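# An overview of the molecular structure
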Amino acid sequence: MRLEGLNPRRVGVFSDIHGNLQALQSVIQCLDSMSVDLMVCCGDVVGYGANPNECCELLRERNIPTIAGNHDYAALSKIDITYFNEVAKRAINWTRKTLTPENEQYLRALPLTVELSEMLFVHASPRNPEAWNYIITMGDARQSFKHYGQRVCFIGHSHTPFIVENEGGNLSCPEKPEITLREGCRYLVNVGSVGQPRDRNPDACYCVYDREARRLEIRRTKYDMTRAQDTIREQGLPIELAERLAYGL
Amino acid sequence: MPELILKLGDTVVQRYVFDKDIISIGRSRDNDIVVDNLSVSRNHARLRRQNGKYILTDLNSANGTYVNNVRVSKTEIADNDVITLGKYTIQFLNTVLSDEELIVDALGADRTVVVERTPQGVLAVTKGKLAGKEFSLTKTETTIGKAPNNDIVITDDWFMSKKQAVIRALSSGYELQDYGSYRKTRLNGAPLQGPVRLKPGDVIEFGSTRCEFRLAEEPLAPPATGRVPRELAAEDSIFSGVAPAPPAAEPQAAEFEVPVEESPVPDEETPEPVESPAADAALARIGSDEAPEEPAEIDEPSQPMGRGKRHKLRQRRGERGEEYHTVEFSSRGTSDTGAQPADAVQQALAGEVEAQPVPVSEAAGLSGPAEDYQVPHRPLPDREQEIAIWEKALQNKSPLIRKRAAEQLRKLTGREYAT
């Protein structure tokens, strides 16, 4: 889907909320305080966490353009969950039962990609968004660059943030969480995960792209994790899902 | 699967995740955790997994092994215990690893561990009200400014901004960045433009306060912590004689360690590896659900704790301090447009999304401003690194890892590899 008529100066991008309302609220609050003009969510709104409906509603309330992720598809029975592990399967089955018809409809309408001038937003990989492949090595990143023409592509899916810079075929992956875009370079940015980070940092992760200052930043914020964990337990979801939040795994 | 975080003072030197029953710790290169420091004996200690428990044994080391600052010869250790060896500490975390992490970890299979000593950065004030004071840069980000929520608070300086600058600890040094302060932070006399790497001896001026950046020789003293370890029965112990005393301020001078190979501990405790079916299944899954060119959808985690194959799956550099701290966000630049983009977005979405009047954000009761901060992230492995890693994994004891390595190498190079 192409967004027309927008020219945001500062864009907030986040992904993989996985039904963690407290983390989503914290991220939106941070982005509000940074006066972003547009927020985009790169998918996986539901699955794992205990507030899928509330997360959908918050995104709808704020009119945040959102892309479909594999867990959203799974919750809508659009993909087979045979290959999901037991814990993820149980969470998806619970989510299927819990989603309201309105939110189900909302998720069903989500596009696989969103384009806005020099930006492409996709959940897993630009090569074949519906294959849900992970980008976890520089080789994967190199492949991905061949499959989009935009300057910056934002992804999620692996719950691990990174920025890859492509300077005429030379790829580098700076460790720094904040970079200035260079002339003639293209970028692949994994914005990490809001609701279930897996890079051993339990804090919610998101990205801010300042188009005017040409800066990309990956930022973290703490959130009310205890409440998110309590809700998971209260709803009878697998306890591992509550525990892993604390480890950032 | 336990995670061990090797620290020098508050600086994370390296993180390890092992899935094996015996983890050896010492200065000698053949240990699983190599601590390249003279205060650590060649074969210093050993961590052994036994029925899901972890038993730490001191191997008659010169300076002793301490758990939560109590000297031990053999004890069971628990989650979050801190093991002290000479000048180094190892934090023990009993964590669960996801499948996806296992893929990434498999990339690190059998990677040689070379522990690099990361010297501690110090900011010494040479001019100003705080002249003579030294601040250790132990955090991932150390903020400097007038406001009380900075890590280094310098008041009584007219030209100091509330948030003046930040010094970040990267994996290979320190970086200084100005926060858009009133009087720009100066490095060796020149105003800062963007982040700059610091070298020892650099002169930094914040407002009218002058500091020098140095690298400390001596690490900080280990923090006194929590649980008191219980010494296991003497008959269980290879070396009896427990000295339950807190570590001396100065560890026994290691320079006098006799240059004779320490007698290796009899290997009677090393049984033949027993493969765990659960772990095999997990590894098999990693190996089989592979898409043709990109890693497959392996959705989700959870190797049960204390189970799995006994192979070293990962060592990871400590890019991030264990105690990262939050940095209050201050909006940079001016946002003069009051225009709410919601309408435009709505139009752009062309009615695909209907606005909902439910004020979820209010209903859920957000309290106070959310704080955010930044930390460096781990770079993706490149092709050469990946090939090197998998080539090394071809030598792994596990046929499963060898098979996986051969598959990956075939994909990467197009050639066939014998397992």
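Nothing here was measured: the structure is a model prediction, and the numbers come from that model.

Each helix and strand in chain A was counted, giving eight helices and 11 strands. Counting only residues that meet the buried cut, chain A has 69% of its 249 residues in that class. Excluding contacts between residues fewer than 6 apart, the proportion of contacts in chain A whose partners are at least 24 apart in sequence is 72%. Summed over all atoms, the accessible surface of chain A reaches about 7700 Å², with 44% contributed by carbon and sulfur.

Time to look at the overall build of chain B. Helix and strand counts for chain B stand at six helices and 24 strands. Here chain B holds 419 residues, and 52% of them are scored as buried. A separation threshold of at least 6 residues defines the contact pool for chain B, and within that pool the share at least 24 residues apart is 56%. About 19600 Å² of surface is accessible on chain B, with carbon and sulfur atoms providing 52% of the total.

Taken together, the side chains of Lys127, Arg183, Arg186 and Arg210 of chain B present a region of like positive charge at the surface. Position of Arg210 of chain B among the secondary structure elements: in strand 22 (residues 209-216).

Attention shifts here to helix 8 (residues 239-247) of chain A. Residue and element names in this part refer to chain A. Of the positions making up helix 8, those classed as buried are Leu241, Ala242, Arg244 and Leu245. End-on view of helix 8: buried residues confined to an arc of 165 degrees, all on one side of the axis. Against the buried residues of helix 8 lie helix 4 (86-98) and helix 7 (225-234). Once helix 8 ends, the next one or two residues include Gly248, with phi positive near 70 degrees.

Attention now moves to the sheet that holds strand 14 (residues 141-145) of chain B. Whether parallel or antiparallel, the strands of a sheet pair through hydrogen bonds between backbone atoms. All names here are of chain B. In spatial order, the strands read 15-14-16-17-20; together these five strands make up an open sheet with mixed pairing. At either end of the open sheet lies a strand with only one pairing partner, and these are strand 15 (152-153) and strand 20 (196-197). Pairing between strand 16 (residues 165-170) and strand 17 (residues 173-178): six bridges, direction antiparallel. Bridge assignment links Ala165 to a residue of strand 17, and that residue is Asp178.

All names here are of chain A. The geometry of helix 2 (residues 52-61) relative to helix 5 (residues 101-108) is characterised by a closest axis approach of 10 Å and an angle of 60 degrees between their N-to-C directions. The angle between helix 2 and helix 5 falls in the class oblique. The interaxial crossing formed by helix 2 with helix 5 has left-handed handedness. The segment helix 2 lies against helix 5, with Asn53, Cys56, Glu57, Leu59 and Arg60 engaging Glu102, Asn103, Tyr106 and Leu107.

Residue and element names in this part refer to chain A. Across the six residues that make up strand 9 (residues 185-190), a large majority, five, are buried. Across four bridges, the pairing between strand 5 (residues 152-155) and strand 9 is parallel. For Val152, the partnering residue across the bridge sits in strand 9 and is Tyr187.

Bringing the nonpolar core into the picture now. All names here are of chain A. Ranked by size, the top nonpolar core spans 52 residues in total, and within it Phe14, Ile17, Leu24, Val45, Leu59 and Leu107 carry the most contacts. Sequence-distant contacts of Leu24, defined by excluding residues within four places in its chain, comprise Phe14, Ile17, Cys55, Leu58, Leu59 and Val194. Counting 26 residues, the second largest nonpolar core, distinct from the first, contains Leu3, Ile67, Leu181 and Cys185.

Attention now moves to the side chain of Glu141 of chain B. All names here are of chain B. The residue Glu141 is located in strand 14 in this model. On the basis of relative accessible area, Glu141 is assigned to the buried category, the value being 5%. A distance of 3.0 Å separates polar atoms of two side chains, one belonging to Glu141 and the other to Arg168.

On to the confidence of the model for chain B. Detailed reading of predicted coordinates is not advised where the pLDDT is low. Residue and element names in this part refer to chain B. Mean pLDDT for chain B: 65, with 57% of residues reaching 70 or above. Note on residues 218-225: pLDDT is under 50 here. Beyond four places in sequence and across chains, it has 16 contacts. Here residues 234-368 is a poorly scored stretch, pLDDT under 50, and it has 318 contacts once near neighbours within four places are set aside; other chains count. Interface predicted TM-score (ipTM) for the complex: 0.79; the corresponding pTM is 0.49.

The subject of this paragraph is the packing of aromatic side chains. Inspection of every chain in the model, using the stated rule, returns six aromatic pairs over all chains. Residues Phe154 of chain A and Tyr209 of chain A carry aromatic rings whose centres are separated by 5.9 Å and whose planes lie at 50 degrees to one another, so their mutual orientation is tilted. With Phe154 of chain A in strand 5 and Tyr209 of chain A in strand 10 (residues 204-210), the pair connects residues that are 55 residues apart, well separated along the chain. Residue Phe154 of chain A shares its accessibility class with Tyr209 of chain A, and that shared class is buried. Chaining the aromatic ring pairs together yields one cluster made of Phe121, Phe154 and Tyr209 of chain A. Across from the ring centre of Tyr148 of chain A, 4.6 Å away, lies the NZ or CZ of Arg186 of chain A, which sits over that ring. Looking at Arg183 of chain B, its charged tip hangs above the ring of Phe159 of chain B, at a distance of 3.9 Å from the centre.

In this section: the packing of helix 5 (residues 383-393) of chain B against helix 6 (residues 399-413) of chain B. All names here are of chain B. Between helix 5 and helix 6, whose axes approach to 8 Å, the crossing angle comes to 145 degrees. Where helix 5 crosses over helix 6, the handedness of that crossing is left-handed. Contacts between helix 5 and helix 6 involve Arg383, Glu386, Ile387, Trp390, Glu391 and Ala393 on the former and, on the latter, Ile401, Arg402, Arg404, Ala405, Gln408, Leu409, Leu412 and Thr413.

On to the sheet that holds strand 6 (residues 53-58) of chain B, then. All names here are of chain B. Pairing within the open sheet is mixed, and its five strands lie in the order 4-3-5-6-9. The two strands at the open ends of the sheet, each matched to only one other strand, are strand 4 (33-34) and strand 9 (74-77). Two elements, strand 3 (residues 22-26) and strand 4, share two bridges in a ladder whose sense is parallel. Within strand 4, the position partnered with Gly26 by the bridge is Val34.

Residues and elements named next belong to chain B. By the criterion of burial, strand 16 is predominantly enclosed, with six of the six residues buried. Across the two faces of strand 16 the burial is the same, with Ala165, Ile167 and Ala169 and Val166, Arg168 and Leu170 all buried. In this structure, strand 14 lies alongside strand 16, joined through four bridges in antiparallel fashion. Of the residues in strand 16, the one forming a bridge with Thr142 is Ile167.

By the burial criterion, the buried members of helix 5 of chain B are Glu386, Ile387, Ile389, Trp390 and Ala393 of chain B. Projected onto a plane normal to the axis of helix 5 of chain B, the buried residues spread over an arc of 165 degrees and lie on a single side.

This part covers the pattern of salt bridges. With the rule as written, the count across this model stands at 27 salt bridges over all chains. In this structure, Glu178 of chain A and Arg215 of chain A form a salt bridge, with 2.7 Å as the shortest nitrogen-oxygen distance. In this pair, Glu178 of chain A sits in strand 8 (residues 178-180) while Arg215 of chain A sits in strand 11 (residues 215-221), placing the two residues 37 residues apart along the sequence. Salt bridges linked by common partners bring Lys176, Glu178 and Arg215 of chain A together with Glu141, Arg168 and Glu175 of chain B together as one network.

Rules behind the numbers
- Residues numbered from 1 in each chain as written.
- Chains lettered and ligands numbered in written order.
- Predicted model: local features only at pLDDT ≥ 70, side-chain atom pairs only at ≥ 80, totals over all residues.
- Heavy atoms only, no water.
- Helix = DSSP H or I, 4+ residues; strand = E, 2+ residues; numbered from the N terminus.
- Buried < 20%, exposed > 50% of the residue type's maximum accessible area, 1.4 Å probe, protein only.
- Contact = heavy atoms within 4.5 Å.
- Areas by Shrake-Rupley, 256 points an atom, 1.4 Å probe, with all protein chains shown as cover.
- Patch = residues over 30% accessible without salt bridge, like charges linked within 9 Å, V, L, I, M, F, W, Y side chains within 5 Å.
- Salt bridge = Lys/Arg side-chain N within 4 Å of Asp/Glu carboxyl O.
- Lys, Arg positive; Asp, Glu negative; His and termini not counted.
- Charge placed at Lys NZ, Arg CZ, Asp CG, Glu CD.
- Arc of directions from axis to C-beta.
- Pairing = 2+ DSSP bridges.
- Axes fitted to C-alpha atoms, helices over the stretch in contact; angles between N-to-C directions.
- Parallel < 35°, antiparallel > 145°, perpendicular 65-115°, else oblique.
- Left-handed = near helix turned anticlockwise from the far one by under 90°.
- Core = buried A, V, L, I, M, F, W, Y, C linked by side-chain atoms within 4.5 Å.
- Polar contact = N/O pair within 3.5 Å; in protein donor to acceptor, adjacent residues only side chain to side chain.
- pLDDT = per-residue confidence, 0-100.
- Phe/Tyr/Trp six-rings, centres within 6.5 Å; stacked < 30°, edge-to-face > 60°.
- Lys NZ or Arg CZ within 6 Å of the ring centre and 35° of its normal.

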